[in-house]
Each structure stands twice: as C-alpha cells, then as structure tokens.
Amino acid sequence: MNVIDLMARLNGEVLSNKARATVDGKVVILARMNGTEWEYTPEGQELANAHSNQAVVEAETKATRTRKPKDAPVEAVAVESADVEPEL
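None of these values were measured; they are calculated from a predicted model.

Participant: Honestly, the overall build of the protein chain in this entry has me stumped. Any pointers?
Facilitator: Summing up its helical and strand segments, the protein chain has two helices and four strands in all. Expressed as a percentage of the 88 residues in the protein chain, the buried residues total 16%. Excluding contacts between residues fewer than 6 apart, the proportion of contacts in the protein chain whose partners are at least 24 apart in sequence is 31%. Total accessible area computed for the protein chain in this model is approximately 7700 Å², and 51% of it derives from carbon and sulfur atoms.

Participant: In this structure, what is going on with the side chain of Thr41? I would like to understand it.
Facilitator: Checked against the element boundaries, Thr41 lands in the loop between strand S4 (37-40) and helix H2 (42-64). Take Thr41: its relative accessible area is 6%, and that puts it in the buried class. At a separation of 2.6 Å, a polar atom in the side chain of Thr41 contacts the main-chain carbonyl oxygen of Ile29.

Participant: Could you clarify how one ought to interpret the side chain of His51 in this entry?
Facilitator: Mapped onto the elements of the fold, His51 is located in helix H2. Residues contacting His51, with those up to four places away along its chain left out, are Met1, Leu6, Arg9 and Leu10.

Participant: Would you mind showing me how to read the sheet that holds strand S3 (residues 26-34) here?
Facilitator: Sheet strands pair by backbone hydrogen bonding; their relative direction is either parallel or antiparallel. Taking strand neighbours across the sheet as the criterion, the four strands line up as S1-S2-S3-S4 in an open arrangement whose pairing is antiparallel. Each of the sheet's edge strands pairs with one partner strand only, and the pair in question is strand S1 (13-15) and S4. Across this sheet, the average inter-strand angle for adjacent strands is 35°, counted without regard to direction.

Participant: Looking at this structure, I do not really get unusual backbone geometry. What am I missing?
Facilitator: Negative phi is the rule for most residues except glycine; trans is the rule for most peptide bonds. Although it is not a glycine, Ser16 sits at a positive phi angle of roughly 55°. Along the chain, Ser16 turns up in the loop between S1 and strand S2 (18-23).

Participant: Just checking my understanding: could you explain the pattern of salt bridges for this structure?
Facilitator: Pairing between side chains of opposite charge can happen when the charged atoms of each approach one another. Under the defined criterion, the tally for this structure stands at one salt bridge. Of the charged contacts, one joins Arg20 and Glu13 as a salt bridge, the two residues approaching to 2.7 Å between their closest N and O atoms. On the accessibility criterion, Arg20 (27% relative accessible area) is partly exposed.

Participant: Whenever I open this one, the nonpolar core confuses me. Can you help?
Facilitator: Residues Val3, Leu6, Met7, Leu10, Ala19, Ala21, Val28, Leu30, Ala31, Leu47 and Ala48 constitute the largest nonpolar core, which totals eleven residues. Elements that contribute at least two residues to this core include exactly helix H1 (3-9), S2, S3 and H2.

Participant: Is there a simple way to explain the pairing of S4 in this structure?
Facilitator: Successive residues of a regular strand alternate their side chains across the two faces of the sheet. Here S3 runs beside S4; their pairing, made up of four bridges, is antiparallel. Bridged to Arg32 within S4 is Glu39. Joining the antiparallel neighbours S3 and S4 is a turn of two residues, in which Gly35 adopts a positive phi near 70°.

Scoring rules and cut-offs
Sequence order sets the numbering: in each chain, residues are counted from 1 along the sequence as written. Where local features are concerned, this predicted model is filtered to residues with pLDDT of at least 70; where side-chain atom pairs are given and counted, the filter is 80 or more; whole-chain, interface and lining totals use all residues. Remark: hydrogens and water are excluded; side-chain values derive from all non-hydrogen atoms of the structure. Strands are runs of DSSP state E lasting at least 2 residues, helices are runs of H or I lasting at least 4, and numbering of each runs from the N terminus. Here's how the labels work: a residue is buried when its accessible area is under 20% of the maximum for its type, exposed when over 50%, partly exposed in between, all with a 1.4 Å probe on protein chains only. For this analysis, residues touch if any pair of their heavy atoms sits within 4.5 Å. We get accessible surface area from the Shrake-Rupley algorithm with a probe of 1.4 Å; when it comes to residues, only the shown protein chains can shield them. Here a polar contact is taken to be a pair of N or O atoms separated by no more than 3.5 Å, where protein atoms must pair a possible hydrogen donor with a possible acceptor and residues adjacent in sequence count only if both atoms sit in side chains. Strands were regarded as paired on the criterion that DSSP finds at least two bridges between them. Structural elements are reduced to axes, namely lines fitted to C-alpha atoms, with helices fitted over the stretch in contact, and the angle between N-to-C directions of any two is expressed from 0 to 180 degrees. Think of a salt bridge as a Lys or Arg side-chain nitrogen and an Asp or Glu carboxyl oxygen that are within 4 Å of each other. In this description, a nonpolar core means a group of buried Ala, Val, Leu, Ile, Met, Phe, Trp, Tyr and Cys residues linked to one another through side-chain atoms lying within 4.5 Å.

In structure tokens:
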C-alpha cells in the first residue's frame, strides 16, 4: 500500500509536504515528501502495515462471497379483456 492509498483510506490530507490523518482523535504524520518520493514515518509505516493486511483480508472476503441466486423469471400471465362499461 502506498502513501496515497493509506491517506485515502484514513481520510487524510497533504499539508506542507506531509501526508497526515487523524487517528483516534490524534493527528498522525503518515509520511514526508523527500524530493519527489514519499518516506513513511515510523507511525505511518505501522499504520500502512496494519491497513495493508486489512485490505488483503477485505479483498479475499470479497472474492470468496457467493452471489445471490437470481430470482425465477416471471411466467407470462394471460390477461382477458374486461367488459366493463365506463361510469358517467
């Protein structure tokens, strides 16, 4: 999982060359921009490891779910015309 994916997952933001997110009411700096590359902070690396494991589990459960069987098709119903006189 890269920094941008982690930031999106945690509803984070980029501010002053830092990727940050609020986790448990505390602002955590996930990574810092070094030249053109993102470098995780120790806290950011821990969160990335935890969330990448969680993302793998979520992907596996989505792949193993069975689809809901389709409903049986509705059979054609014969409709007879009604001999009803309109009311005036």
